[in-house]
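Given next are the chains, with one letter for each unit.
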Amino acid sequence: MTVAVQAPSIPTAPTVPGLLREAYRQLADTCEALAVQVEEPAPRFTRTGVSGAELTKDRRAMEAFLLAEDTRIRTRYDHVPRRDVAASRALHDYAWSVGLLMSGVWYLTGRVPRIRPEDVRLDLVSGEFTVSPGSGLACLPDDRAAALPGVLTVPHEEALRAELRVAVADHMEPLLTAIGPYVRRGPRALWGLVADDLVSGIWYLGRALGREDDAVRAASALLPSAVAPFPGGADFRHLTGADGRRHPTRTRAGCCLYYTIRPTEACTTCPRTCDTERLRRLES
């Protein structure tokens with residue numbers, strides 16, 4: 001009897017897209033609220049939806065993007081939103097999701113990916129994102145990824161944080177320009193929303209990992225104060241409950257307008273939500 005012996009697999013040399021694909025999958029597995037798929041090297045299905053690049057260049061793609069959000073709000077909340085509300089909610093979801101893809105990799109691995117608008121696609125029906133791992137990456141000199149072709153090495157942690165701020169700003173700037181007329185708010189308010197979503201994504205990831213205090217410190221180091229184009233810092237503070245436990249909180253700088261959909265259920269970090277109500281929700 002002939003027995004077929006399978007040859008041992010040969011380890012694949014690491015690549016930047018391979019490292020990012022692994023990190024994005026870890027993020028998706030950890031963050032229940034992050035609706036994202038990681039594109040395989042050879043897609044098995046036709047791409048659908050719109051890319052981040054199309055949103056910045058094609059008015060029809062932008063109109064479809066906003067109509068999809070309008071439809072979701074009507075279906076989910078039985079509410080007819082104003083046009084600027086639908087645009088704000090769509091922008092909020094995009095900024096939070098894409099920001100977390102970059103900040104989450106930084107938080108988990110100490111590496112900063114560059115995600116181009118064309119690397120992201122959004123399914124307008126499901127609201128799910130697909131990210132295609134690129135080749136842009138920054139890391140510290142002692143990282144094993146530093147030896148890979150095209151990787152940018154930076155000298156210290158603050159330089160790496162600066163790379164993350166720039167990566168997020170470069171991705172979001174053309175989208176803010178395109179969506180601004182629909183949102184009907186100025187640049188400061190729009191960049192405030194992006195800053196809020198960058199901070200809240202890290203905060204959410206820390207809670208998911210059981211490391212909230214560490215994530216608060218990381219987000220505070222990333223945005224210690226206003227750093228252009230972001231108009232404000234993380235600005236965390238603490239509320240003390242009846243049992244003496246301290247709860248981190250912050251107040252958003254850029255409103256996502258959820259309160260216009262559910263006036264009695266404003267976000268916990270909304271300026272409209274008082275500290276008494278915040279504590280009630282945190283302790284419930």
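Details of the structure are given in the entry above.
Residues numbered from 1 in each chain as written. Predicted model: local features only at pLDDT ≥ 70, side-chain atom pairs only at ≥ 80, totals over all residues. Heavy atoms only, no water.

Participant: Looking at this structure, I do not really get the packing of aromatic side chains. What am I missing?
Facilitator: With the rule as written, the count across this model stands at five aromatic pairs. Ring centres of Y94 and F129 lie 5.7 Å apart, and the angle between their planes is 70°; this geometry places the pair in the edge-to-face category. With Y94 in helix α4 (residues 83-109) and F129 in strand β5 (residues 129-131), this residue pair connects regions lying 35 residues apart in the sequence. Look at Y94 and you get buried, because its relative accessible area is 2%. Ring centres of W203 and F236 lie 4.9 Å apart, and the angle between their planes is 90°; this geometry places the pair in the edge-to-face category. Within this pair, whereas W203 is found in helix α6 (residues 187-208), its partner F236 is found in the loop between α7 (212-222) and β8 (237-240), the two being separated by 33 residues in sequence. (Phe/Tyr/Trp six-rings, centres within 6.5 Å; stacked < 30°, edge-to-face > 60°. Helix = DSSP H or I, 4+ residues; strand = E, 2+ residues; numbered from the N terminus. Buried < 20%, exposed > 50% of the residue type's maximum accessible area, 1.4 Å probe, protein only.)

Participant: Help me understand the pairing of β8, please; the structure alone is not making it clear to me.
Facilitator: The two faces of a sheet get side chains in turn, since along a regular strand they alternate between them. Here β8 pairs with strand β9 (residues 246-249) via four bridges, running antiparallel. By the bridge assignment for β9, H238 is matched with P248. What sits between the antiparallel neighbours β8 and β9 is a turn of five residues, in which G244 has the positive phi angle 90°. (Pairing = 2+ DSSP bridges.)

Participant: I keep staring at the nonpolar core and nothing clicks. Help me out?
Facilitator: Among soluble globular proteins, nonpolar side chains are generally buried collectively. One finds F65, Y94, W106, M172 and F230 to be the most contacted residues of the largest nonpolar core, which totals 77 residues. Per-element tally for this core: the top contributor is α4, with 13 residues. Those residues in contact with F230, other than ones at most four positions away along the chain, are R165, V168, A169, W191, V194, A195, L198 and L223. Judged by nonpolar contacts, the second largest core, of seven residues, contains I73, C256, L257 and Y258. (Core = buried A, V, L, I, M, F, W, Y, C linked by side-chain atoms within 4.5 Å. Contact = heavy atoms within 4.5 Å.)

Participant: Which parts of the structure should I look at to understand the packing of helix α5 (residues 157-183) against α6?
Facilitator: Each pair of packed helices can be described by the angle between their axes along with the distance between the axes. For the pair α5 and α6, interaxial distance at closest approach is 10 Å and the crossing angle is 130°. Classed by the angle they form, the pair α5 and α6 counts as oblique. Remark: the crossing between α5 and α6 carries right-handed chirality. Only L190, W191, V194 and L198 of α6 make contact with α5, whose side of the interface consists of V168, A169, M172, E173, L176, G180 and V183. Its residues assigned to classes, the contact of α5 with α6 comprises nine nonpolar, one polar and one charged. (Axes fitted to C-alpha atoms, helices over the stretch in contact; angles between N-to-C directions. Parallel < 35°, antiparallel > 145°, perpendicular 65-115°, else oblique. Left-handed = near helix turned anticlockwise from the far one by under 90°. Nonpolar A, V, L, I, M, F, W, Y, C, P; charged D, E, K, R; others polar.)

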